[in-house]
Amino acid sequence: MERLRRTHLLKRTKDDCMAQEQTWHIGTNGPWLTVSGETRHPRGAVLILHGGDVNSTAATTPWEAAVLRMIPFAWALRRAWSDSGLVVMRLRLRLRGWNGTGTDALADTRRALEEVERRFGPIPVVTTGHSMGGRAVLRAADAPHVRGVLGLAPWICDNDPVEPLRDRHLLIAHADFDATTSPDESRAYVHRAREVAASADFVPVHLDSHPMVRISRWNELAVAFTGHVLGWAGTCTAAR
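This write-up is about the structure you can find in this document. (Residues numbered from 1 in each chain as written. Predicted model: local features only at pLDDT ≥ 70, side-chain atom pairs only at ≥ 80, totals over all residues. Heavy atoms only, no water.)

## Thoughts on the packing of aromatic side chains
In this structure the tally under the stated criterion is three aromatic pairs. Centre to centre, the rings of Trp81 and Trp232 are 6.1 Å apart; their planes meet at 50 degrees, and the pair counts as tilted. Here Trp81 is found in helix H3 (residues 71-81), whereas its partner Trp232 is found in the segment after helix H7 (215-229), with 151 residues between them in sequence. Across the pair, Trp232 and Trp81 agree in class, each one buried. Aromatic pair Trp98 and Trp155: ring centres 5.9 Å apart, planes at 80 degrees, arrangement edge-to-face. Remark: Trp155 occurs in the loop between strand E6 (146-152) and strand E7 (169-175) and Trp98 occurs in the loop between strand E4 (86-92) and helix H4 (103-120); sequence separation between them is 57 residues. Since its relative accessible area comes to 2%, Trp98 is described here as buried. In this structure, Arg92 packs its charged tip against the face of Trp32, placed 3.8 Å from the ring centre. (Phe/Tyr/Trp six-rings, centres within 6.5 Å; stacked < 30°, edge-to-face > 60°. Helix = DSSP H or I, 4+ residues; strand = E, 2+ residues; numbered from the N terminus. Buried < 20%, exposed > 50% of the residue type's maximum accessible area, 1.4 Å probe, protein only. Lys NZ or Arg CZ within 6 Å of the ring centre and 35° of its normal.)

Laid out in C-alpha cells, this is it:
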C-alpha cells in the first residue's frame, strides 16, 4: 500500500509539472524553450541546456536522452524557487552536434538569452548546461544579464576561454567516474577562471558518471547554486 501511495504521488507530481509547462518556438525551425515557473512577473531566470555530440548535423528531438535528462533539473528548480519569482526554461538546441566552432549551439544559446530579455526585461539569469550544453553556457556567459553559470560535467578543452566569465559566478560539478568528459579539465578550467570570475568553484560528484545517475545530488547543487547567485538562499519554499 505504501509503495502504491508513493507511486501515485510521484505520478501526480510529474503530471502537475508537465501541465504547467509551455513551449515557445524562438524560430520557425527552432530552437525551442520549454518554460515553467513564474512567467508573469519573474525576478530571475534559469536557462537549462542539454548535451550533444562532438559532430552531428542531425536535428534534435524532444524525446532523446540528452534532452530528457534535463527535465528533473527544471522540476527541482521550479519546486524550490518559483515562489521566489523564478522562471525556468529548458532550451532544446536545433542540432545535436557542436560541429567544430559551436556556431549553431552558441547562436541558439544567445537567441534564448535574448528571448528572456525580450519577454521579461533585464532580470538576472543563471545558465546551466550538461556536457556540450555546459560548453555552450560557458562560452555565452558574457551575455548581458547572466549572473552565474553552472557546468554539469561540461565538455571543456584546454584552450577554452575564461574571459566570458568575467564578474560572473561559476560552479562546475563533475562525476569522478566520468569517462566521456574530463574532471581534470574542469578543475583546470575553474582554476583559470578564478582570475576573472566573481567566484569559481569545483565540486566532485562521487560514485557517479557522465549520465548523472545520482540525479538528486546534481539537483541539490543546481538548486543551491541558483538560489545563491540570485540572492535567495534560505528562502526555498519546497523540499529539494
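## Details of the nonpolar core
Formed by 42 residues in total, the largest nonpolar core has its most connected members in Leu33, Leu165 and Leu170. For this core, the element with the most residues is H4, which contributes six residues. Setting aside its immediate chain neighbours within four residues, Leu33 contacts Gln22, Thr23, Trp24, Ile26, Leu47, Met89, Arg90, Leu91, Ala112 and Glu115. Counting 28 residues, the second-largest nonpolar core is a separate cluster that includes Ile48, Met70, Ala80 and Ala173. (Core = buried A, V, L, I, M, F, W, Y, C linked by side-chain atoms within 4.5 Å. Contact = heavy atoms within 4.5 Å.)

## A few points about the pattern of salt bridges
Going through the model one piece at a time under the given rule, you end up with twelve salt bridges. Note that Glu163 is salt-bridged to Arg166, the shortest N-O span being 2.6 Å. A salt bridge links Asp184 to Arg187, with the nearest nitrogen and oxygen atoms 3.4 Å apart. One end of the pair, Asp184, and the other, Arg187, are both in helix H6 (residues 183-193), three residues apart, so they sit about a helical turn from each other. Note on Asp184: relative accessible area 57%, which makes it exposed. Owing to a relative accessible area of 39%, Arg187 belongs among the partly exposed residues under this scheme. Here the residues in one salt-bridge network are Arg94, Asp104 and Asp108, joined through shared partners. (Salt bridge = Lys/Arg side-chain N within 4 Å of Asp/Glu carboxyl O.)

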